[in-house]
Amino acid sequence: MIKITFPDKSVREFPEPLTGLEIARSISNSLAKEVLAVTVDGKIWDLTRTISHDASVKLHTWDDPEGKEAFWHSSAHLMAEAIEQIYPGTKFGIGPSIETGFYYDIDLPGGRQLAEKDLQQIEKKMVELARQNNAIVRREISKAEALELFTQKNDELKLELINELEDGTISVYEQGNFTDLCRGPHLPHTGYIKAIKLTSIAGAYWRGSENNRMLTRVYGVTFPKQKMLGEYLTMLEEAKKRDHRKIGREMELFTFSEAVGQGLPLWLPKGAQLRMQLEEFLKKIQKRYNYEQVITPHIGDVKLYKISGHYEKYGKDSFHTITTPAEGEEYMLKPMNCPHHCEIYKSKPRSYKDLPVRMAEFGTVYRYEQSGELHGLTRVRGFTQDDAHIFCRPDQLKDEFKKVIDIIFIIFKALHFDDYIAQISLRDKENSEKYIGTVENWNKAEQAIIEACDEKGLKTTIEPGEAAFYGPKLDFMVRDALGRSWQLGTIQVDYNLPERFNLEYIGADDNRHQPVMIHRAPFGSLERFVAVLIEHTAGKFPLWLAPEQVVLLPISEKYNEYAQKVLNFLNIYDIRTIIDDRNEKIGRKIRDNELKRIPYMLIVGEQEAESDTVSVRRQGHGDKGVMTIKEFAEMILAEIKDQQ
Ligand SMILES: [Zn+2]
Ligand SMILES: [Zn+2]
């Protein structure tokens, strides 16, 4: 008898050893068609591998990252097989699955370079091979056999990889005439892959080192259904239109300058307006939740980061240190705000009655990112966190978590992120020596997070083993308008820094105790958040946030003066208004201003000037008719109030 336990703790018994695919089939035929990989006792396996002992089993479909990974990794092999057939003698580096799709690093024979048009031929070959439904078979061989195999293939890239493996069995996967060194897992056969698109070619150094030869990296994406590829390509088109770098330019929000340096965004007036608006919004909420605002410098003595452990962790090469020759002091750009806040906590004695202490700062930090990794506002070298640290007693953790969740709810609602889930990362109980802090505190903290989420009715997934060594955490993943997932908002418990900084408070028992620290940043960083927000809204920000809320369009120069009068009136109510007084036709003015995504356009001509009215157009809603200036101001103020 083989006893199989499922994630929901249900158990099924089978008379003899069987594969993951057979387990799926025993549940339902439709599941058997959907399933792509299986986790057996925590290890991911091929669906066709026989399970011959009692095990806990999780079946993965396309909806799980594990399912997609097996699918895309198998697709990388399929692409390699196609390339080998078209260009015999090609050498293969590594070919992993990535967030969307897969790539393979290859070295074509005779120094041949691939062009975009060659991709079509490879795609065609892949389709042909996929339709052959070739079984993908795992084989375990000795290291010597593996070396022999890839020596025959004359593939010194793979030989280099094999030589680094420990002696013992090595797995290879075969399909048709193609064999690849691989850990797996893979799909049962190539026929699962129904839709194929090779997306791009790039250069990549072998093993990421500039000292090595340059290989060709071919990227692709595949799907189990043709329709899904169509949807994906449409989404890509839409994503291109919403690219925050493009919209940022059109709306004049931010720019980069080579003279200033890579990955260092410059916020233009409208972008700065947007950012300040976000900061004000958050400050107001935080005030309601009794946070205190602090300000700390952009650099710190390296000694501070030696205490915090950041110096050791990030390495001294990651951040430029600044030495003052006269005094011989060594400083570092601030990679984190936490150490500074710990020192603020220590600036006076704290009693149990003073806790929790909630310290907030829009703190700019600097982290080195390789230039190839930089991307618009999402990957930068200097960014501002909406950071806060809460120092509390262990018994206050749950309440504090609930309050932070409330703040995150308010933000998501005001910014129209309606689709999100939360992930709770807990410790790996079998390796408890990895973690700092007492077992009792960990139990309490994990329980507090789970209960807080529960009481807030939050949809969560629990990931054992994903916690940092210094504490469990809660992460929010939002889905944007295009269905893409972004990680925003983290709430992290920390037992490490209070210990390293010797933080304490005097308890009711008159003894010294260590507070628990919570790091939290609902936006993450303002830079990345603005990027996500631009792509989510396509630059059509909620009215309260729009850098410019109203644009006045006089029909001709004759009415510029009246427009100015309307603007002055709206200014009294702090409604952010501009006038387009260019000598252009009204149709042209409307088109140009649509690109700027200003929520309200007010058209003014003779009739409006005579009756103290404006003709109102709302972006996305068209004509709203004529109203008096006062009516308009009241309407817009009500809308803003409603949104926050
Ligand atoms: Zn592989
Ligand atoms: Zn922190």
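Quick caveat, the model's predicted, so the values are computed rather than measured.

Any chance you could explain the pairing of strand S30 (residues 516–521) here in plain terms?
Within S30, six of the six residues are buried, which leaves it mostly tucked inside the rest of the structure. Examined bridge by bridge, strand S23 (residues 382–392) and S30 share five bridges and lie antiparallel to one another. Following the sheet pairing, Cys392 is matched in S30 by Val516. By the bridge criterion, five bridges tie strand S27 (residues 485–494) to S30 in an arrangement that is antiparallel. Within S30, the position partnered with Gln492 by the bridge is His519.

It is not clear to me how the sheet that holds S30 should be interpreted in this structure. Could you clarify?
Where strands meet in a sheet, backbone hydrogen bonds hold them as pairs that are either parallel or antiparallel. Ordered in space as S18-S22-S23-S30-S27-S26-S24-S25, the eight strands form an open sheet in which the pairing is mixed. Every other strand in the sheet has two partners, leaving strand S18 (292–293) and strand S25 (460–464) as the edge strands with one partner each. As defined by bridge partners, strand S24 (residues 420–426) adjoins strand S26 (residues 473–479) across six bridges and the pair is classed as antiparallel. When the sheet's bridge partners are listed, Ile421 is paired in S26 with Met477. In this fold helix H13 (residues 397–414) packs onto strand S22 (357–366), S23, S24, S26, S27 and S30, with an angle of close to 160° to the strand it touches most, S27. Where helix H16 (residues 526–537) meets the sheet, it contacts S22, S23, S26 and S27, and its direction lies at approximately 150° from that of S27.

I keep staring at unusual backbone geometry and nothing clicks. Help me out?
Backbone geometry follows two general trends: most residues other than glycine have a negative phi, and most peptide bonds adopt the trans configuration. Between Gly184 and the following residue, Pro185, the backbone shows a cis peptide bond with an omega angle of 0°. Structurally, Pro185 can be placed in the loop between strand S13 (178–181) and strand S14 (195–205). The linkage connecting Leu355 with the following residue, Pro356, adopts the cis geometry, with an omega of -5°. Note that Pro356 resides in the loop between helix H12 (338–345) and S22.

Reading the values: rules and limits
- Residues numbered from 1 in each chain as written.
- Chains lettered and ligands numbered in written order.
- Predicted model: local features only at pLDDT ≥ 70, side-chain atom pairs only at ≥ 80, totals over all residues.
- Heavy atoms only, no water.
- Buried < 20%, exposed > 50% of the residue type's maximum accessible area, 1.4 Å probe, protein only.
- Helix = DSSP H or I, 4+ residues; strand = E, 2+ residues; numbered from the N terminus.
- Pairing = 2+ DSSP bridges.
- Contact = heavy atoms within 4.5 Å.
- Axes fitted to C-alpha atoms, helices over the stretch in contact; angles between N-to-C directions.

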